[in-house]
Amino acid sequence: MAQLTPVILVTGGTGLVGRAIQHAVASSGPFGRQTGDRWVFVSSSDCDLRDFDATHDLFDRVRPTHVVHLAARVGGLFANIASQADFLRDNIRINDAVLQNSHDFHVRRVPPQGAELARSLTRQVAKVVSCLSTCIFPTHPTYPLSEGQIHAGPPDPSNFEYAHAKRLVDVQNRAYREQYGDVFTAVIPTNVFGPGDNYNLDAAHVLPALMHKCYIAQRDGTRFVISGSGRPLRQFIYSRDLARLIVWALNSYTKVEPLILSPPENDEVSILDAALAVMTAMSYEGEYVQDTSKSDGQYRKPASNAKLVAELAKQGLEFEFTPFQEALQESVDWFVDNYHTDARI
Ligand code: NAP
Ligand code: GDP
């Protein structure tokens, strides 16, 4: 029987992380494209993944052998606080439609042959990498966060609903592995930023929001407003680093236990320092003010990348993270260059 071409479906392929994966697979190697892979990036205009039947039709059209599942209703602290029910329900529906259809369509990294093919028709095996987030960990964790703690207590009230929807992906992955042997797994990134982010001030995460607000302050000669006390700490990962690690996980990581993808845990940056770094990257010399009436959200959520480092080492690999200032400058330059042309700004 002829080998099938691996077809990798990327849901959320037009978002921050999806765009970074497009960038990653423009190169080959352990963190990039494998010979013969075909990558299909889809957005909500290709299919509303909340609709189970529409998702079935998408899978029928694409016939993926592998899925990177990024699509989600995503937002920063203030969007989560404003729309709890939507964050819960949209994400539950999206995740269920993608995982169940992945199961139904026998998504596989290596197409089965001969006797294995016959067996796979009754024992549906699949490979899906979904994306969780460090904001789903318990609100009173043991630091640093590690993979085993996901379900060890209620999540933070600031994103309680989103966190529960995301935790269910891990529950679903384990259930499908136990009942059917499906190779479903998940990665857990820390706060992501990079080119092609969501800069809508009502929905944005902190760095794209700060970039957008600083740009407007610079342009209009107004003050740059930083929400909250500026004291919380965040462990940021550059989207292009994250994308390369997700592609590696797709090719090489098969355990059901999720894998934290982050720079070292001591790479925390305070919100105020992040805002000052945005000002420097934009050459903004005006004033800034802090609006302490706004929520701080979680104080910190440093995560350990020890398991990632160990998994890479098993394959003789090391990963070099882009320094924060360099990645931020690239992201700011992208934002400024695309301010008048990109649909997401
Ligand atoms: P994003 O920039 O907001 O992009 C979201 C993507 O999902 C877009 O491609 C969007 O399509 C698609 N999408 C949303 N609703 C959909 C629907 N109903 N049907 C089909 N597609 C839909 O998000 P991101 O930051 O790249 O996040 C990607 C993944 O990383 C998510 O699972 C998120 O939870 C996780 N994550 C993100 C962060 C972060 O800081 N950004 C941190 C940790 C984890 P359109 O372009 O058509 O809207
Ligand atoms: P989180 O990491 O899930 O809490 O989400 P965010 O990326 O939205 O980061 C929220 C943190 O950044 C909180 O401490 C906010 O007070 C702070 N922050 C400061 N200015 C802004 C802003 O303009 N937008 C957002 N989303 N957060 C801001």
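Please read all numbers here as calculations on a predicted model, not as lab measurements.

1. Some details on the site of ligand 2
- Taken together, 18 residues lie near ligand 2, and Leu77, Lys213, Arg234, Ser295 and Asp296 sit nearest.
- Here leucine 77 contributes a backbone N or O atom positioned 2.8 Å from an oxygen atom of ligand 2.
- Measuring from a nitrogen atom of ligand 2, one finds a backbone N or O atom of serine 227 at 3.1 Å.
- Contact with the protein chains hides 96% of the accessible area of ligand 2, taken as 550 Å² for the molecule alone.
- Every element with two or more residues in the shell around ligand 2 is listed here: helix H3 (77–82) and helix H7 (206–220).
- If one sorts the elements of the shell around ligand 2 by residue count, H7 sits on top with four residues.
- Here the residues of the shell around ligand 2 are counted per class, giving eight nonpolar, six polar and four charged.

2. Quick look at the site of ligand 1
- Taken together, 28 residues sit near ligand 1, with Thr14, Ser44, Leu70, Tyr162 and Lys166 positioned nearest.
- Leucine 70 is positioned such that a nitrogen or oxygen atom in its backbone is 2.8 Å from an oxygen atom of ligand 1.
- Relative to its free-state accessible area of 900 Å², ligand 1 is covered by the protein chains to the extent of 88%.
- If you list the elements that add at least two residues to the shell around ligand 1, you get helix H1 (16–24), helix H6 (160–180) and strand E6 (191–193).

3. Observations regarding the packing of H7 against helix H11 (residues 324–337)
- Between H7 and H11, the least distance of the axes is 11 Å, while the angle of their chain directions is 55°. As summarised for this structure, H7 and H11 are arranged oblique, according to the angle between their axes. Here the hand of the crossing between H7 and H11 comes out right-handed. Contacts from Leu207, Met211, His212 and Tyr215 of H7 reach H11 at Phe324, Leu328, Ser331, Val332, Phe335 and Val336.
- Looking at the contact of H7 with H11 residue by residue, the classes come out as eight nonpolar, two polar and no charged.

Cut-offs applied
Residues numbered from 1 in each chain as written. Chains lettered and ligands numbered in written order. Predicted model: local features only at pLDDT ≥ 70, side-chain atom pairs only at ≥ 80, totals over all residues. Heavy atoms only, no water. Near = heavy atom within 4 Å. Polar contact = N/O pair within 3.5 Å; in protein donor to acceptor, adjacent residues only side chain to side chain. Areas by Shrake-Rupley, 256 points an atom, 1.4 Å probe, with all protein chains shown as cover. Helix = DSSP H or I, 4+ residues; strand = E, 2+ residues; numbered from the N terminus. Nonpolar A, V, L, I, M, F, W, Y, C, P; charged D, E, K, R; others polar. Axes fitted to C-alpha atoms, helices over the stretch in contact; angles between N-to-C directions. Parallel < 35°, antiparallel > 145°, perpendicular 65-115°, else oblique. Left-handed = near helix turned anticlockwise from the far one by under 90°. Contact = heavy atoms within 4.5 Å.

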